[in-house]
Amino acid sequence: MPSPSEQSTPIRTLLTKNSFLAFVMAACGGMMGLWTACDVPIANAQLPATPLRPAPIPFGTPGQPAAGATPFGGAATNGVGVQAVSGTPFGVAVIEMPLRNPIVGPGPGPLTIAGEPAPASTKIFYPVSNDVRVTMGRPPSEQPVPQIGRGRLLNRVGNLIRELASSDDPKEQTVGRRVMFLFTGDQPFSVPVRDHLGTLTMVDVRPVADPALAPVLQTAWWNETTAAAKRQMDATDTPPWVPTYLVAMLSGRLNLPLPAWFGRGDEADTKDPLLHTLEWIGGAAGVANEVFATAAAGGALQQTLNDPAPAQVAALPLPASPNWQAPVATAPVEPPAIEVLAEHVPPECFYLRYGSFENYLWFRDLTLEYGGDISRMITLRGISNDSAERLERQLGVQTNAMSRLLGPSVIEDQALIGRDLYLDDGASIGVLFHAKNVFLLRSSLNNDRTKLADSDDALTLKKVELEHGSATLLRRSDNQVRSFMVEAGPCILVTNSETIADRFLEVAQTGESLAATADFQLARSYMPLERNDTIFAYFSAEMLQGLLEPSYLIELRRRMQAEADIALVRLARMAARSNAIPGEPPIEEIDTLIDMGFLPENFGERADGTGVVSFANRLVDTRRGARGTFLPIADNPVDLVTASESRWYGQIAAAYSDQFSSLDPIVVGVQREEFPVDPSGPTNGERRERLTIHAEIAPWQPENYGSWAKQLGPPTQVAMDFAPDDVVALQAHVASETLGPPTHLFAAIKDSFPPEPESIDGLISKYRALKTLPGYLGAWPQPGALDRLPLGLGRGQPVGPGMSRLIGGLYRYTGGGFSVLSFQPEVLNASLPHLAANEVDDPAQVRGRIDNLKGTKLEGWVNQQLYQRAAAASRAGAEFLNSLVDQLGVPVEEVIDQAELVLGGRPQCPLGGVYQFDQARRRFVSTAWPADATAPSPYAPADYQTPLLNWFRGAEARLTQYTNRLIADATIEIARAQ
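Residues numbered from 1 in each chain as written. Predicted model: local features only at pLDDT ≥ 70, side-chain atom pairs only at ≥ 80, totals over all residues. Heavy atoms only, no water.

Structural notes on the packing of helix α5 (residues 241-254) against helix α16 (residues 550-579)
Under the convention used in this document: With axes taken as lines fitted to C-alpha atoms, and helix axes fitted only over the stretch in contact, angles between N-to-C directions fall between 0 and 180 degrees. Secondary structure elements are defined from DSSP: runs of H or I of at least 4 residues count as helices, runs of E of at least 2 residues count as strands, and each element is numbered from the N terminus. Note on convention: the crossing is left-handed when the near helix lies turned anticlockwise from the far helix by less than a right angle, right-handed when the turn is clockwise. What makes two residues a contact is simply this: any of their non-hydrogen atoms within 4.5 Å. Residue type decides the class: Asp, Glu, Lys and Arg count as charged, Ala, Val, Leu, Ile, Met, Phe, Trp, Tyr, Cys and Pro as nonpolar, and the leftover types, Gly among them, as polar.
Remark: α5 packs on α16, axes separated minimally by 11 Å, with the N-to-C direction vectors making an angle of 65°. When you trace α5 past α16, the crossing you get is right-handed. Contact residues: α5 offers W241, V242, Y245, M249 and R253, while α16 offers A567, L568, L571, A572, A575 and N579. Here the contact of α5 with α16 is built from residues that sort into nine nonpolar, one polar and one charged.

Section: the packing of aromatic side chains
Rules: Here is the rule: rings of Phe, Tyr and Trp (six-membered ring for Trp) pair when centre to centre is within 6.5 Å. Planes less than 30 degrees apart are stacked, more than 60 are edge-to-face, and the remainder are tilted. Accessible area is worked out with a 1.4 Å probe on protein chains only. A residue is then buried under 20% of its type maximum, exposed over 50%, and partly exposed in between. Consider the ring centre and the ring normal. A charge sits over the ring if Lys NZ or Arg CZ is within 6 Å of that centre and within 35 degrees of that normal.
A complete count under the given rule lists 24 aromatic pairs for this structure. With 6.0 Å between their ring centres and 40° between their planes, Y354 and F363 make a pair best called tilted. Between Y656 and F660, the ring centres sit 6.3 Å apart and the planes meet at 70°, which makes this aromatic pair edge-to-face. We note that Y656, like F660, is buried. Clustering of aromatic rings is evident, with ring pairs tying together Y354, F357, Y360, W362 and F363. Its end group placed over the ring of F536, R524 keeps NZ or CZ at 3.8 Å from the ring centre.

Looking at the pairing of strand β2 (residues 80-85)
Note the following rule: Any two strands are treated as partners once DSSP identifies two or more bridges connecting them.
Burial runs high along β2: six of the six residues are buried. Burial along β2 is two-sided: V80, V82 and A84 facing one way and G81, Q83 and V85 facing the other are all buried. In this antiparallel pair of consecutive strands, β2 and strand β3 (residues 91-104), the connection spans five residues.

Things to note about the environment of A331
Summarising the element assignment, A331 is placed in the loop between β9 (316-317) and β10 (350-353). Not counting the four nearest positions on each side in its chain, A331 is found in contact with A518 and Q521.

As for the sheet that holds strand β4 (residues 112-113)
In spatial order, the strands read β4-β7-β8; together these three strands make up an open sheet with antiparallel pairing. Of all the strands in the sheet, just β4 and β8 (198-205) have a single pairing partner and so form its edges.

Some words on the packing of helix α21 (residues 857-886) against helix α22 (residues 895-903)
Worth spelling out the cut-off: For classification purposes, angles smaller than 35 degrees are called roughly parallel, those larger than 145 roughly antiparallel, those between 65 and 115 roughly perpendicular, and all remaining angles oblique.
At a closest axis distance of 10 Å, the pairing of α21 and α22 adopts a crossing angle of 105°. Classified by the interaxial angle, the pair formed by α21 and α22 is roughly perpendicular. Across from F880, L881, L884 and V885 in α21, the residues of α22 making contact are V895, I896, A899 and L903.

What about the confidence of the model for the protein chain?
Formally: Think of pLDDT as the predictor's per-residue confidence, scored from 0 to 100.
Here the protein chain averages 81 in pLDDT, and 79% of its residues register 70 or above. Confidence, expressed as mean pLDDT per element, reaches its minimum in the protein chain at helix α1 (residues 11-16) with 31 and its maximum at helix α13 (residues 498-510) with 98. In this model residues 1-77 is a low-confidence stretch, pLDDT under 50, and it forms 140 contacts with partners more than four residues away in sequence or in other chains. For residues 145-151, every residue scores under 50 in pLDDT, and the model assigns this stretch five contacts once sequence neighbours within four places are set aside.

Points about the nonpolar core
Note the cut-off: Only buried residues count toward a nonpolar core. Its members are Ala, Val, Leu, Ile, Met, Phe, Trp, Tyr and Cys residues joined through side-chain atoms within 4.5 Å.
One finds W221, Y245 and L888 to be the most contacted residues of the largest nonpolar core, which totals 145 residues. When residues of this core are assigned to their parent elements, the largest contribution, 16 residues, is made by α16. Those residues within four positions of L888 in sequence are excluded, and the remaining contacts are V242, Y245, L246, L571, M574, A575, S578 and S883. Counting 29 residues, the second-largest nonpolar core is a separate cluster that includes V345, L432, V486 and I500.

Re the pattern of salt bridges
This is how the line gets drawn: Throughout this description, the term salt bridge denotes a Lys or Arg side-chain nitrogen within 4 Å of a carboxyl oxygen of Asp or Glu.
Counted under the stated rule, the structure contains 42 salt bridges. When the shortest N-O distance is used, the salt bridge between E900 and R906 registers 2.5 Å. Exposure remark for E900: the relative accessible area of 31% places this residue in the partly exposed category. The exposure class assigned to R906 is partly exposed, which follows from its relative accessible area of 34%. Overlapping salt bridges, with partners in common, bring together E555, D565, R606, D608, D621 and R624 in one network.

Topic: the environment of R687
Stated formally: We call two N or O atoms a polar contact when they sit within 3.5 Å, provided that within protein one can donate a hydrogen and the other can accept it, with sequence-adjacent residues counted only if both atoms are side-chain atoms.
Locating R687 in the fold gives a position in strand β24 (residues 687-697). Here the alpha-carbon distance between R687 and A975, two residues 288 residues apart in the chain, equals 5.7 Å. A distance of 3.1 Å separates the side chain of R687 from the side chain of E674, its partner in a polar contact.

Structural notes on helix α4 (residues 213-234)
As a reminder of what qualifies: In this analysis, the expected span of each helix is defined as 1.5 Å times one less than the number of residues it contains.
With 22 residues, α4 extends 32 Å from end C-alpha to end C-alpha; this agrees with the ideal 32 Å at 1.5 Å per step. Looking only at α4, the buried set comprises L213, L217, A220, W221, W222, E224, T225, T226, A227, A229 and M233. For α4, the secondary structure elements touched by its buried residues are β2, β3, β5 (124-135), β6 (172-183) and α5.

Regarding the sheet that holds strand β19 (residues 612-615)
The strand order β19-β20-β21 describes an open sheet built from three strands, whose pairing is antiparallel. Strands with a single pairing partner mark the edges of an open sheet, and in this sheet they are β19 and β21 (625-626).

As structure tokens, then:
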């Protein structure tokens, strides 16, 4: 069957047939009286613009000018409208295919220019496609109010209510498809036009020289190009660096205005400095994208962002740190037992202790089950960067079969320490060993390091002198291998940071270690060694404050700039190669890329004097090294800053001084318990473990956390009993002026298919969704807030003992101190016998549980929701690869490798498939998609299971807030690989 585009008629016929014209004009809102039974000349016709409002494109017949335009050489053959104007450096062309029958809802798919034009001397660049859509007839509520009488006004009100209750009615229809692109030369050429079904036709293009029409077409192409770039950025979790680069580069080369949204994150001008800083520290994607956009556009963008001096010199001293207030810390009366490792850790380092080599192997194996990235237990990312394995290679402490065998005999205890956890770019981190036999462990590590150095001429191994002692350094010039080994007493540290290595030696001499601080001793009194935690993590206030120091944050900002510069050079080389003249070598040199407009004029003008250099196909930062293993921030102190950096950090320091003047230590303990495998059990011998997690913030200062820390009542030993068929249950002891004295609020959901999130957009939709949800909401003791509503709205109409029906169909039960609400009386009747408030041993304010979802209806709902997120990311990943082909001309066989160089990690399908190039459709697709499809299915396939459901087998949690401690406890059952 031909595609809708293959059923299109010539533009002349389309716009002069009275029947079709009447339909289109009626769909656009009427005015039929202006169009009677007469032919309409095509020169006076305009196809409608898209909702994104690019300039409307007039189409005319050969030799006949379009209305309001100068004569041009257009064409309309085989149902395809063509318009092209030559120019320097590029001409602009528009190809449009009208549809025989308008399509309501999603369009037939975009047009693309895929394949080489003929003759080959013409080159095609930067195609962009969109549907041509028109608005259908206005809904009743938008039409003029009818005259009073005969029920018309009531009908109008009824139509309005129906619109509010159902906003899904289509308001637009697609009448055609349009593709615009740039081209070189001024001679006629032919191009293949395709859609997702394959090649539709070869289109002849005859450019004309028309100075008046050229800016019109260029503006239309630019508006749609920037709009399409914004859509792609909003739809992907892959860094949107290709569309960002193209918009910035083309704006500079063609002297076109940057769109208003370019380089600005959401609410960039009003963002809270505290939250914005957390995004920087946490590596939020939006921050990196803003930095990349600024680097891509250069000084022009910085000036629009109110930074009048983009190229500044770092000549100012470091701005002052926040005015930190020392937390109130009280050492325990009886000093707790403290492990030897903690006595060698600098206080400004985080401390992640495994307790034994076996515990380390357990955690490492758990991580490897999910590809070396523990976050993949929840969902797959669109980029695989193997950060854990890369860190092992950098430190030279890779685990192999021999180390697994010998490790327990030579290692007493083991921990990770460091100043940060920026694993994707290069962390300041190290591995600390407490040796059972120092000689054997030292000999083993030295033997491994010597073998590595001998195996690679790029590696050097030498002894170096630090301020507080000696170390051996295994290093490669780009920092892909950077490993200091130092020793003190029974402990050996292997770290990528010279600063941490020297502080380790200094602490051994002074005794001013993490173990000596009052905060850590307090934490160990709360979580003693006798717990035998599988993992014990401690984040000191000094470590957390260190992340916010001016030297650290400003260097973090500069290394993001360095990362952006490296990616920009990669993209600029691709763009230059696609623009290269056949037979000439591609442009690789950075200075030439700047001269040719593929990089901004001020590219590489950094305040710290660093830059990007090229060694063959490798790009490195002159100070920080290779991407992914940048020089640790702890080893790259900032001494001088620019005025812009000083202003930026000054706002952060002021915000923390005023609102968050002290940070509280965080301690986490994880214990594991393995269940015996029951081959005859319902899970067919599934191997399970129970993880018990205890976390504390101590000392805890509630005043730092604003009003939300005041919403909870005092700790209570009251726990609610829920119905046994409740799959999800939650309770909280809250203090509210509205509810009165502290009250227990609780809610539960039974096994069901909850409404889709998109179906509860709007007040009426939320109401309908809640009516279908089998659950209930209650309070104990009865707060009485409902009873105080005016007109008796909270009491409702009695329908049974203790049961009343409120307005809107909500049912309420009151009795025994309980007040329980539900839209479904049968849910209340079935659950009420099980509800009880019991006293338990453990005090808490918040308690919750989620049962094992295996085999439940809720499992399917959760699976579908996470599938949809992964499917959207999968499609976005494929579109990223396609953009390298379509927009930058990267050869198909090189796309995956080039994408890895740009992104700093290998693209991977979040659905678990593999990206492959479909030769027939000239598009990248995933093997996880349905066969012959160019997008993932909107519904999860029968055999799909999101990573979370592969291992989650239930959880319980509780939260307790004291005056000086915040405690969270959780128990999670997980399934492990056999």
